[in-house]
Amino acid sequence: QVQLVESGGGAVQPGGSLRLSCAASGSIASIYVMGWYRQAPGKERELVASIVSYGSTNYADSVKGRFTISRDNAKNTVYLQMNSLKAEDTAVYYCNVYGRPRASGTFQAWGQGTLVTVSS
């Protein structure tokens, strides 16, 4: 069983910054991919950014140059630094982790979601 605990959401004015964190715990042998998704009201969940174990990153075009994803492998934690926030970044942000548990096989886990509201 793998658990994810997210933190860092909140309300901010346009142009502001927030930093999201997501810590994974439980029966984890290794984590291959850590990522952040978001879902705005009335829209489908979309990938925001992802990072693999050796550090390669991937970003949605809408956040390139503004958001930075990073991870601390020793802490099984992923971060999302969000700068120059826009109203259209308002959404519930979900952490997602894909890896290998101590037993055989693979796992995929989702965080509980954290709300980010960008408004003046």
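Above this text is the structure in question.
These numbers were taken from a predicted model, which means no experiment stands behind them. (Residues numbered from 1 in each chain as written. Predicted model: local features only at pLDDT ≥ 70, side-chain atom pairs only at ≥ 80, totals over all residues. Heavy atoms only, no water.)

### A few points about the overall build of the chain
Counting its secondary structure elements, the chain contains zero helices and eleven strands. The secondary structure elements of the chain, listed N-terminal to C-terminal, are β-β-β-β-β-β-β-β-β-β-β. With the principal axes as the frame, the chain shows a C-alpha extent of 50 × 25 × 25 Å. The contacts of the chain with a sequence gap of at least 6 include a subset with a gap of at least 24, amounting to 54%. Between the centroid of the 11 positive side chains of the chain and the centroid of its 7 negative side chains there is a distance of 7 Å. (Helix = DSSP H or I, 4+ residues; strand = E, 2+ residues; numbered from the N terminus. Contact = heavy atoms within 4.5 Å. Lys, Arg positive; Asp, Glu negative; His and termini not counted. Charge placed at Lys NZ, Arg CZ, Asp CG, Glu CD.)

### Let's talk about the packing of aromatic side chains
According to the stated counting rule, one finds two aromatic pairs in the structure shown. When the centroid spacing of 5.6 Å and the interplanar angle of 55° are considered together, the rings of Tyr 32 and Tyr 98 count as tilted. Here Tyr 32, found in strand S4 (residues 30-39), pairs with Tyr 98, found in strand S9 (residues 91-100); they are 66 residues apart in sequence, far enough to count as distant. The ring of Tyr 94 carries Arg 45 above its face, with NZ or CZ at 3.8 Å from the centroid. Here the basic side chain of Arg 45 rests over the ring of Trp 110, its NZ or CZ set 4.7 Å away from the ring centre. (Phe/Tyr/Trp six-rings, centres within 6.5 Å; stacked < 30°, edge-to-face > 60°. Lys NZ or Arg CZ within 6 Å of the ring centre and 35° of its normal.)

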